[in-house]
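Inside the fold
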Amino acid sequence: MKLFTHQNETITFLNKVNRAYIASTAGCGKSACIVKDIAHRLNANPRSKSLILAPKSLLETVWKNEFNLWEPTITVTVGVAPAAKREAAFNKDVNVYITNIDALKWLSTKPHSFWKDFETVVIDESTALGGDSLRTRAALKISKHFKYRRCMSGTPTNGFLTKLFYQYKFLDDGAHLGINYNNFRDKVMVAKQTGPGPEMVTWTNRPGKDEV
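Residues numbered from 1 in each chain as written. Predicted model: local features only at pLDDT ≥ 70, side-chain atom pairs only at ≥ 80, totals over all residues. Heavy atoms only, no water.

Points about unusual backbone geometry
For clarity, the cut-off: The helix and strand labels rest on DSSP assignments: H or I over at least four residues marks a helix, E over at least two residues marks a strand, and numbering proceeds from the N terminus.
Residue Ala 81 is joined to Pro 82 through a cis peptide bond whose omega torsion reads 10°. When you line up the elements, Pro 82 lands in the loop between β3 (76-79) and α4 (83-90). Positive phi outside glycine occurs at Glu 125, with the angle close to 55°. Looking at the secondary structure, you find Glu 125 in the loop between β5 (118-124) and α6 (134-143).

Structure, rendered in structure tokens:
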């Protein structure tokens, strides 16, 4: 099988940057680009480990299959609940560890020694970090262990620009969108009073900010 031109362009870009958001639409082959990106990392450092977090339904059907298809020599393991099964998967000595996004809270409890040799983290459907949740806080906590960070989603905002904030904070620690959610929200959205109470407002994207 051959990669499409747009995939090769994405791979070339990923190979040059530490942090990246792949926002290609569904069906464009984003996961194959990540597989090739990780292969590039392993060529540079054979001990490099990668973590892929994705919706549970995609762990085997997409991610494990994509590695088998594009880079079958890369060793992978898939770990899901219950805890003992997931722990056993992460105790294996492989190149890539694949688990569901809900494992973030479990991962955030791991000691510094657990993260030895990990270089790359990928969050598929990263809109799961769209708000200030326990899951998001866990993602931000583990992000410091990774030099290379990637987010993926064909619908990065679901219509609301504030959905970008925590995804980008995970990627770059606030370098692009800032570290304060309310400040970012006030720049990209506008509130309309919909009732007498101060909390009774509806937020919409500011005109022109979608393009920005």
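Considerations on the sheet that holds strand β6 (residues 148-152)
Note the threshold: Two strands make a pair as long as DSSP finds a minimum of two bridges between them. Interaxial angles span 0 to 180 degrees and are taken between N-to-C directions of axes, which are lines fitted to C-alpha atoms, for helices over the stretch in contact.
One open sheet accounts for 6 strands, arranged β1-β6-β5-β2-β4-β3; its pairing is parallel. Edge positions in the sheet fall to β1 (19-22) and β3, since each of these pairs with one other strand and no more. Taken over all neighbouring pairs, the strand axes of this sheet differ in orientation by 15° on average, direction set aside. Bridge count for strand β2 (residues 49-54) against strand β4 (residues 96-100) is 5 bridges, and the pairing is parallel.

Some points on the packing of aromatic side chains
Which entries qualify depends on this criterion: Within 6.5 Å between ring centres, the rings of Phe, Tyr and Trp (the latter by its six-membered ring) count as paired, and their orientation is classed by plane angle as stacked under 30 degrees, edge-to-face over 60, tilted in between. Residue burial is assigned from relative accessible area. The probe radius is 1.4 Å, only protein chains are included, and a residue is buried under 20% of its type maximum, exposed over 50%, and partly exposed in between.
Applying the stated criterion across every chain yields a total of 15 aromatic pairs. Judged by centre distance (5.3 Å) and plane angle (20°), the rings of Phe 90 and Tyr 97 are stacked. The class of Phe 90 is buried, set by a relative accessible area of 7%. Note on Phe 165 and Tyr 181: the rings are 5.7 Å apart at their centroids and 80° apart in plane angle, and the pair reads as edge-to-face. With Phe 165 in helix α7 (residues 164-172) and Tyr 181 in helix α8 (residues 181-188), the pair connects residues that are 16 residues apart, well separated along the chain. Its relative accessible area of 26% is what places Tyr 181 among the partly exposed residues.

Notes on the pattern of salt bridges
Worth spelling out the cut-off: What counts as a salt bridge is simple: a side-chain nitrogen of Lys or Arg found within 4 Å of a carboxyl oxygen of Asp or Glu.
Per the stated rule, a full pass over the model turns up 11 salt bridges. One salt bridge connects Lys 64 with Glu 60, and the closest N-O pair in it is separated by 3.9 Å. With Lys 64 and Glu 60 both in helix α3 (residues 59-70) and 4 residues apart, this pair spans about one turn of that helix. Assessed through its relative accessible area of 30%, Lys 64 is described here as partly exposed. The exposure class assigned to Glu 60 is partly exposed, which follows from its relative accessible area of 41%.

Observations regarding the nonpolar core
Defined as follows: By convention a nonpolar core is built from buried Ala, Val, Leu, Ile, Met, Phe, Trp, Tyr and Cys residues, the set being connected through side-chain atoms within 4.5 Å. Here a residue-residue contact requires only that any non-hydrogen atoms of the pair lie within 4.5 Å.
Membership of the largest hydrophobic core comes to 26 residues, with the highest contact counts inside it found for Phe 67 and Ile 98. Per-element tally for this core: the top contributor is helix α2 (residues 30-44), with 7 residues. Non-local contacts of Ile 98, meaning those with residues more than four positions away in its chain, are made with Ile 52, Leu 59, Trp 63, Lys 64, Phe 67, Val 76, Thr 77, Val 78 and Gly 79. With 24 residues, the next largest nonpolar core counts Val 94, Trp 106, Phe 118 and Leu 171 among its residues.

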